[in-house]
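Overview (structure and organization)
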Amino acid sequence: MKTKLKPLKTQNVKILSPGNGSGIDGSLKFNEGWEYAPALESTGHVSIKDTYGLFIGGKFVKPLSGKYFDTINPANEQRIARIAKASSADVDKAVKAARNAYVKVWSKMPDNERGKYIYRIARMIQERAREFAVIESMDGGKTIRESRDVDVPLAAAHFFYYAGWADKLKYAFPGRKPHSLGVAGQIVPWNFPLLMAAWKIAPALATGNTVVIKPAETTSLTCLKLAELIQESGLPDGVVNVVTGAGATGAAIVNHPDVNKIAFTGSTEVGKIIQNAIAGSDKKVTLELGGKAANIIMDDAPLDQAVEGIINGIYFNQGHVCCAGSRLFIQEDVANTVIRKLKDRMQSLIVGDPLDKNTDIGAINSKEQLNTINNYIKIGVEEGASFYQSSCKLPDKGYWCRPTLFLNVSQSHRIANEEIFGPVLAVQTFRTVEEVIEKANNTPYGLSAGIWTDKGAKIFHITGKLRAGVIWANTYNKFDPSSPFGGYKESGFGREGGLHGLAAYLSLAG
Ligand code: NDP
């Protein structure tokens, strides 16, 4: 059935919203309907300083290095603030502050008192949710819809969840004697800056450890805002320290002799460097690295929902997602239908201003990452895969990439094997369950996967054979603080979230 929508008088109408998929299968064309009027989130309520120091021992201090770098908005290439660049002397100062706080205050505090501070941080994040969401979108390029509805609420949820465990550790590990490790060195990437900081800080505090954390160079602002909030919360000085800077700052944390645990999320390449660096030491480590997840569509799947799952799987957060469903496997007899629906849906995606509530795909996080993505697109074309991109307009300034897919991809193509970390999907087909299991597992990574089918038995059969840490069935990219997250093979080891996430910050004697 053809649907014809009347334009609102006040709107400049062009693109037809696809809704939940009904009416897509057929002659309805996107780009011929409605265009949304801009719905910009206000930035008036946001306070960002011109210059940020390091957060050490409960105070913002100038870096001993005397050096600073700019953080820019990837959607307009304008400078937002100046950020301190921590040297190894600054990191040493932060580790000393963390050790001091651990020995004198945090490790001696009753568990339930520790829990109260963590609850307070959770509540304060909720109170300032809008400010965090806007800053996250400005600094990192992600859409306000995602930072508002995913990143910030999940960050608060992590603090709430782990606050609840602080005084129940002996019940979490019956018969064991859980004991904190000491100082945790934590290094987070640029794709979920606040959320990854929450994933790291909340379990560390709940288990009685103190923290030195480094955000990624391109996205330091929400971690620094979190430091301001922590200062206001009255958390004892030195329990959480934030050192900003580039890879060298991260390396100084990893190599510091008085750090007891390293928690890292980022590339497999840096994960390997970290593993080498700490080999032979007694540092505990968790590595959450890259991924190249298979998203599998069986011929009995609810296809319209599956198409939404494919879109969410690869285009969520511009594809800057370690667990992104970047390899799509469609069962051969529904492949043409799925690909047609997928292309239609891609046409409806709005790429543009991250602060516009209509935007589906925001800015690519940095110029370097855009170059990486464009390079992979070039490689895909040269390898002989069929290239398709939506035809949406892109803003003049900033870093942008249209939703992209490649058809006729073979297992040996680099675009099917390497993590692109952008909105680029590699599509393959299969005939049998055995074939898709083999293809899905034929990757150096093992972080996540998705399966779409009408049959519960098929879900259990296939998920049991996929070698991936997290597998979603008839959904994708769903996260919950109580659910452990982590990978196999080159996707790293150790789990974050849930009880497993607590264990990573404890020694469990006896
Ligand atoms: P990195 O692994 O370099 O960055 C992750 C974090 O590690 C950042 O805070 C970074 O600092 C820091 N870091 C860099 N070098 C070192 C080091 N030698 N020792 C300790 N810490 C270090 O990722 P990139 O930003 O370079 O992204 C490159 C690729 O990695 C992406 O294209 C993507 O494929 C993948 N990636 C995967 C992520 C995941 O969640 N699995 C997350 C991010 C990237 P800084 O940013 O300040 O340099």
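As the structure is a computational prediction, the values presented were derived from the model and not from experiment.

1. Describing the packing of helix H10 (residues 303–315) against helix H11 (residues 332–347)
- Orientation of H10 relative to H11, taken along the N-to-C sense of each, is 55 degrees, at an axis distance of 10 Å. Put simply, H10 runs oblique to H11. At the point where H10 passes H11, the crossing takes the right-handed sense. For the pair H10 and H11, the contacting residues are Leu303, Asp304, Val307, Glu308, Ile310, Ile311 and Tyr315 in the first and Val334, Thr337, Val338, Lys341, Leu342, Arg345 and Met346 in the second.
- Here the residues of the contact of H10 with H11 are counted per class, giving nine nonpolar, one polar and four charged.

2. A word on the nonpolar core
- Among the nonpolar cores identified, the biggest contains 110 residues, and Leu205, Leu226 and Ile297 are the most heavily contacted of them.
- Counting residues per element, this core draws most heavily on helix H6 (residues 193–206), at 11 residues.
- Apart from residues no more than four positions distant in its own chain, Leu226 is found in contact with Ile121, Ile125, Phe132, Leu194, Ala197 and Ile201.
- By size, the runner-up hydrophobic cluster in this structure holds 24 residues, among which are Val91, Val183, Val285 and Leu289.

3. Quick notes on the site of the ligand
- The immediate surroundings of the ligand are formed by 25 residues, with Val188, Trp190, Lys214, Glu217 and Ser267 found nearest.
- Between the ligand and Ser267 there is a distance of 2.6 Å, counted from an oxygen atom to a side-chain nitrogen or oxygen.
- For the ligand, whose free accessible area comes to 850 Å², the fraction covered by protein is 83%.
- Listed by contribution, the elements that provide at least two residues to the shell around the ligand are helix H8 (247–255) and strand S10 (261–265).
- Ranked by residues supplied to the shell around the ligand, first place goes to H8 with three residues.
- Along the lines of polarity and charge, the residues of the shell around the ligand split into 13 nonpolar, nine polar and three charged.

4. Quick notes on the sheet that holds strand S18 (residues 470–473)
- Read from one edge of the open sheet, seven strands run S14-S15-S16-S13-S12-S17-S18, paired in mixed fashion. Looking along the sheet, the strands with just one partner apiece sit at the ends: strand S14 (386–389) and S18. With strand direction ignored, the average angle separating the axes of adjacent strands in the sheet is 20 degrees.
- Examined bridge by bridge, strand S12 (residues 294–297) and strand S13 (residues 327–331) share four bridges and lie parallel to one another. Across the sheet, residue Ile297 finds its bridge partner in S13, namely Ile330.

5. Observations regarding unusual backbone geometry
- One non-glycine residue, Asn317, lies in the positive phi region at around 55 degrees.
- Position of Asn317 relative to the elements: it lies in the loop between H10 and S13.
- The phi dihedral of Gln318 falls on the positive side, at around 55 degrees, and the residue is not glycine.
- Examined against the element boundaries, Gln318 turns out to sit in the loop between H10 and S13.

6. Overview of helix H9 (residues 268–278)
- Listed as buried for H9 are Thr268, Gly271, Ile274 and Ile278. Mapping the buried residues of H9 onto a view down its axis gives an arc of 115 degrees, with all of them on the same face. In H9, those exposed residues whose orientation departs by more than 90 degrees from the buried face are Glu269, Ile273 and Asn276.
- In the core, the buried residues of H9 are packed alongside strand S7 (183–187), H8, S10 and strand S11 (284–288).
- Immediately downstream of H9, the backbone of Gly280 shows phi near 90 degrees, a positive value.

7. Some remarks on the pattern of salt bridges
- In this structure the tally under the stated criterion is 28 salt bridges.
- The partner of Asp92 in a salt bridge is Lys96, and the shortest N-O contact between them spans 2.7 Å. Linking Asp92 with Lys96, this pair stays in helix H1 (residues 88–106), spanning four residues, or about one helical turn.
- Accessibility expressed as a relative area gives 25% for Asp92, which makes it partly exposed.
- The exposure class assigned to Lys96 is exposed, which follows from its relative accessible area of 53%.
- Where salt bridges share partners, they join Lys49, Glu131, Lys225 and Glu228 into one cluster.

8. Regarding the packing of helix H2 (residues 111–127) against helix H4 (residues 144–165)
- As a packed pair, H2 and H4 sit with axes 8 Å apart at the nearest point and diverge in direction by 165 degrees. Comparing the axis directions of H2 and H4 gives the class roughly antiparallel. Both H2 and H4 take part in a crossing whose hand is left-handed. Along the contact surface, H2 presents Gly115, Ile118, Tyr119, Ile121, Ala122, Arg123, Ile125 and Gln126, while H4 presents Val152, Ala156, Phe159, Phe160, Ala163 and Gly164.
- Per-class residue counts for the contact of H2 with H4 are 10 nonpolar, three polar and one charged.

Calculation criteria
- Residues numbered from 1 in each chain as written.
- Predicted model: local features only at pLDDT ≥ 70, side-chain atom pairs only at ≥ 80, totals over all residues.
- Heavy atoms only, no water.
- Axes fitted to C-alpha atoms, helices over the stretch in contact; angles between N-to-C directions.
- Helix = DSSP H or I, 4+ residues; strand = E, 2+ residues; numbered from the N terminus.
- Parallel < 35°, antiparallel > 145°, perpendicular 65-115°, else oblique.
- Left-handed = near helix turned anticlockwise from the far one by under 90°.
- Contact = heavy atoms within 4.5 Å.
- Nonpolar A, V, L, I, M, F, W, Y, C, P; charged D, E, K, R; others polar.
- Core = buried A, V, L, I, M, F, W, Y, C linked by side-chain atoms within 4.5 Å.
- Buried < 20%, exposed > 50% of the residue type's maximum accessible area, 1.4 Å probe, protein only.
- Near = heavy atom within 4 Å.
- Polar contact = N/O pair within 3.5 Å; in protein donor to acceptor, adjacent residues only side chain to side chain.
- Areas by Shrake-Rupley, 256 points an atom, 1.4 Å probe, with all protein chains shown as cover.
- Pairing = 2+ DSSP bridges.
- Arc of directions from axis to C-beta.
- Salt bridge = Lys/Arg side-chain N within 4 Å of Asp/Glu carboxyl O.

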